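Per-entry structural report
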Amino acid sequence: GACRVSMSMTEIRAGFTAIKANIQSRDPIRTLSILSHPHSLHKVKSSDRCCITHQLFTFYVDKVFKHCRTEDSFVNRKISSIANSFLSVRRKLGQCREQNNCVCGEESTEKFKQILANYEGLNVTSAAMKSLGELDILLDWMEKSR
Amino acid sequence: SGELYCSLPNPRNVRFESINMKNVLHWSAPEGTGDGVLYKVKYAVYGVGKWIRKPECRNLNRTWCDLSSETSDYEEQYYASVKAFLNGTCSGWMETTRFNPLTDTKIDPPMVNVSSTDRSISIILTAPEKWKRSPEEESISMIQVYPGLQYNVSVLNKKTKKRWFFSISNNTLVVPWLEPGTAYCVSAQIHVTTPVLDSDFSKEHCITTLKDK
Amino acid sequence: DALLPAPQSISILSTNMKHFLTWSPVIVQGATVRYSVEFQGEYEREYANGSWIPISECSLTTATVCNITEDISATVAYKLRVRAELGATRSRWGTTKGFFNRAMTSLTPPLLRVVADGHHLLVELADMGPSFQFRLLYWKKSQESRVQQKVVKEVSSMVHLDTMEAGAEYCVKAQTHVEAINRSSSFSPTQCVMAQGDTSVWLV
């Protein structure tokens, strides 16, 4: 069956929009992307979409948010809001995986390997801040493929 | 050619102004410079390793450059940058923030077409089209770009001054059981919930229902 | 620090997705005691070494209430804590007992005004914030079994519900729905209005 996860995309979007300029200004590297190059999320097959989404939410929860602490209290609070929302959604996606509704194909495994390679190609703080700054790439892709 | 020693102040407020994904780079002249400043522009696809010069925006004596063609893939994000030249000296490159056509564009109001009978009005709404390179190119409606797009429609009874609101997903609305011989004014707005994008309301289109037969 | 007692009776009041932390004042004769509030979501507990995040609007406040709505913005378990401060002296933290999840918020029925304008059935709804949708049920008074439904996601002043048969009475009731916590309020009281009668001119 399909994996249906209700999530308040509007809240996550609002949280990210509030800090987008601040976070992206901390990422000086124009020539590298974690999520969108060399392979675009938009090329992922629909059958792999659930798995990639679950892997990416796990990636953000496990690797990204904890390295994005800033000196700005407002930014930290918005990051906390997004992180806790991701945790809530990741849990629901995990339940789909347990019910075998979120199967990982070869393509999504390869795509996710590429993302991790991009991430590990930078020092951890730069990689985390760049990944957080690319959250709209993930959200745009999720909304388009809803 | 080697870069000159750049002592000119930088261009200011370099940003994209985008309407229906017609993406135009705008900037203000460097502080304290009068006429005669020339500019050149480059842009980059975020995550791709090179800056690309735009030939048509070299030795530019105006403060905008249309990058719609270069930024038409809205699944990508972009940076653009501007450099100023005056009397043999130059400024540094001044960059935009990261530009995401999907979330950073502004959508025009829908086109509103209204017809009436004696006791009803029919409203047909047309969402604007995404910018395209030439009239021959295939049109893409903003509905295709934002599948969750909806319309908010306002109908004002000019006699009673009462205004009603409708929220519809398809592009037609018939309002029956109206007063004959009465003027109704219709305006509509495009509403996208996520990303949050609302157009302005269109200007009002007024029509009078026919007199009772 | 032990001289300054920690705030007591710490609790959270949550109605319609608006959440407030409250506590009893710490009384020190002739002095103004201030308070600071911090929150911790499930993410901070499990992935960020149990870190706490200050709420700047409630740092060094003299109030004994703090609006935590903006920070309780995910459907996970949160903890809140508050301490008293008097000059350089700080009390220990007083922490909420158990966890708070916004899914526990109490939802009240929407405020609704039903209007008949000629043959048109309209409703006016009080705005309750971006988290809220409204589910409206309406029916012709004599046909209670044929209930119709409309979901209103965004409140604007006068929402058009439907057209009514001439002279008929229509009834409406509404409940709120919060997608983020997948819960709905109870229904508002039913309101009924009369459609304008037929105004056709009869030739005698």
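For the structure, check the block above.
In this report, we go over the structure that sits alongside the text. Only a predicted model underlies this, so the values are computations on that prediction, with no experimental measurement involved.

1. Comments concerning the overall build of chain A
- Counting its secondary structure elements, chain A contains 6 helices and 0 strands.
- Tracing chain A from N to C terminus, the helices and strands come up as α-α-α-α-α-α.
- For 146 residues, the compact-globule estimate of 2.2 N^0.38 gives 15 Å, and chain A sits close to it at 15 Å.
- When burial is assessed residue by residue, chain A has 56% of its 146 residues classed as buried.
- Residue pairs at least 24 apart in sequence account for 89% of intrachain contacts in chain A once pairs closer than 6 positions are excluded.
- Measuring between centres, the 22 positive side-chain charges of chain A sit 3 Å from its 15 negative side-chain charges.

2. A short note on the state of the cysteines
- Using the criterion set out here, one finds 7 disulfides over all chains in the structure.
- The side chain of B:Cys6 participates in a disulfide bridge whose partner is B:Cys90; the two sulfur atoms lie 1.9 Å from each other. When the S-S torsion is -75 degrees, as for the bridge of B:Cys6 with B:Cys90, the disulfide is left-handed. In this pair, B:Cys6 is assigned in the segment before β1 (12-19) and B:Cys90 in strand β7 (residues 89-90), connecting sequence segments 84 residues apart.
- The class of B:Cys6 is partly exposed, set by a relative accessible area of 27%.
- Under the relative-accessibility criterion, B:Cys90 is labelled buried at 0%.
- Each sulfur in the disulfide pair C:Cys58 and C:Cys66 lies 2.0 Å from the other. Disulfide C:Cys58 to C:Cys66: torsion about the S-S bond roughly 90 degrees, handedness right-handed. Considered together, C:Cys58 and C:Cys66 belong to a single accessibility category, that of buried residues.

3. A closer look at the interface of chain B and chain A
- With 19 residues of chain B at the contact, the number on the chain A side is 24 residues.
- The tally of links from chain B across to chain A stands at 4 salt bridges.
- For B:Arg98, the salt bridge goes to A:Asp27, with nearest N and O atoms at 3.1 Å.
- Between the two partners, chain B and chain A, sit 16 residue pairs in polar contact (both at pLDDT 80 or more).
- Ranked by residue count, the leading element in the side of chain B that touches chain A is helix α1 (residues 101-104) of chain B, at 3 residues.
- A breakdown of the residues in the side of chain B that touches chain A according to their chemical character gives 7 nonpolar, 7 polar and 5 charged.

4. So, the pairing of strand β14 (residues 183-192) of chain B
Residues and elements named next belong to chain B.
- Buried residues dominate β14, accounting for 9 of its 10 residues.
- Inspection of the sheet shows strand β11 (residues 150-157) paired to β14 by 8 bridges, in the antiparallel sense. Looking across to β14, one finds that Val153 is bridged to Ala188.
- When β14 meets strand β16 (residues 205-208), the two strands line up antiparallel, connected through 4 bridges. Looking at β16, one finds that Val186 is bridged to His205.

5. With respect to the interface of chain B and chain C
- Each side of the interface is counted separately: chain B has 12 residues, and chain C has 13 residues.
- A buried area of about 1,200 Å², summed over both sides, lies between chain B and chain C, and 56% of it is on carbon and sulfur atoms.
- By the criterion of area lost to chain C, the three top residues of chain B are B:Trp164, B:Phe165 and B:Trp177, representing 53% of everything that side buries.
- Linking chain B with chain C are 1 salt bridge, by the criterion used here.
- In this structure, C:Asp117 and B:Lys162 form a salt bridge, with 3.9 Å as the shortest nitrogen-oxygen distance.
- When residues in the side of chain B that touches chain C are grouped by element, the largest group, 5 residues, is from strand β12 (residues 162-168) of chain B.
- For the side of chain B that touches chain C, the class distribution of residues is 7 nonpolar, 1 polar and 4 charged.

6. Observations regarding the packing of aromatic side chains
- Here the structure, examined in full by the defined rule, presents 14 aromatic pairs over all chains.
- Look at A:Phe59 and A:Tyr60: their rings are 5.3 Å apart centre to centre, the planes differ by 80 degrees, and that puts the pair in the edge-to-face class.
- Looking at A:Tyr60, the relative accessible area reads 0%, which means it is buried.
- With centroids separated by 4.2 Å and ring planes inclined at 15 degrees, the aromatic side chains of B:Phe16 and B:Phe99 adopt a geometry described as stacked. Here B:Phe16, found in strand β1, pairs with B:Phe99, found in the loop between β8 (94-95) and α1; they are 83 residues apart in sequence, far enough to count as distant.
- Among the residues examined, B:Phe16 registers a relative accessible area of 12% and is labelled buried.
- Residue B:Phe99 is classed as buried on the basis of its relative accessible area, which comes to 4%.
- By way of ring pairs, the aromatic residues A:Phe57, A:Phe59, A:Tyr60, A:Phe65, A:Phe86, A:Phe112, A:Tyr119, C:Tyr43 and C:Tyr47 are connected into one cluster.
- Between the NZ or CZ atom of B:Lys42 and the centre of the ring of B:Trp93, over which it lies, the distance is 4.2 Å.

7. Observations regarding the pattern of salt bridges
- In total, this model carries 33 salt bridges over all chains according to the counting rule given.
- With its nearest N and O atoms 2.9 Å apart, the salt bridge here joins A:Glu71 to A:Arg26. Here A:Arg26 lies in the loop between α1 (9-25) and α2 (49-64) and A:Glu71 lies in the loop between α2 and α3 (73-98), a separation of 45 residues in the sequence.
- Its relative accessible area of 66% is what places A:Glu71 among the exposed residues.
- You can call A:Arg26 partly exposed: its relative accessible area is 29%.
- The salt bridge involving A:Lys78 is made with C:Glu70; its shortest N-O contact spans 3.3 Å. One end of the pair, A:Lys78, is in helix α3; the other, C:Glu70, is in the loop between β5 (65-67) and β6 (79-86), on a second chain.
- A:Lys78 sits in the buried class, given a relative accessible area of 14%.

Cut-offs applied
- Residues numbered from 1 in each chain as written.
- Chains lettered and ligands numbered in written order.
- Predicted model: local features only at pLDDT ≥ 70, side-chain atom pairs only at ≥ 80, totals over all residues.
- Heavy atoms only, no water.
- Helix = DSSP H or I, 4+ residues; strand = E, 2+ residues; numbered from the N terminus.
- Rg over C-alpha atoms; globule rule 2.2 N^0.38 Å.
- Buried < 20%, exposed > 50% of the residue type's maximum accessible area, 1.4 Å probe, protein only.
- Contact = heavy atoms within 4.5 Å.
- Lys, Arg positive; Asp, Glu negative; His and termini not counted.
- Charge placed at Lys NZ, Arg CZ, Asp CG, Glu CD.
- Disulfide = S-S within 2.5 Å.
- Salt bridge = Lys/Arg side-chain N within 4 Å of Asp/Glu carboxyl O.
- Polar contact = N/O pair within 3.5 Å; in protein donor to acceptor, adjacent residues only side chain to side chain.
- Nonpolar A, V, L, I, M, F, W, Y, C, P; charged D, E, K, R; others polar.
- Pairing = 2+ DSSP bridges.
- Buried area = accessible area lost by both parts, 1.4 Å probe.
- Phe/Tyr/Trp six-rings, centres within 6.5 Å; stacked < 30°, edge-to-face > 60°.
- Lys NZ or Arg CZ within 6 Å of the ring centre and 35° of its normal.

In short, geometric facts, not functional conclusions.
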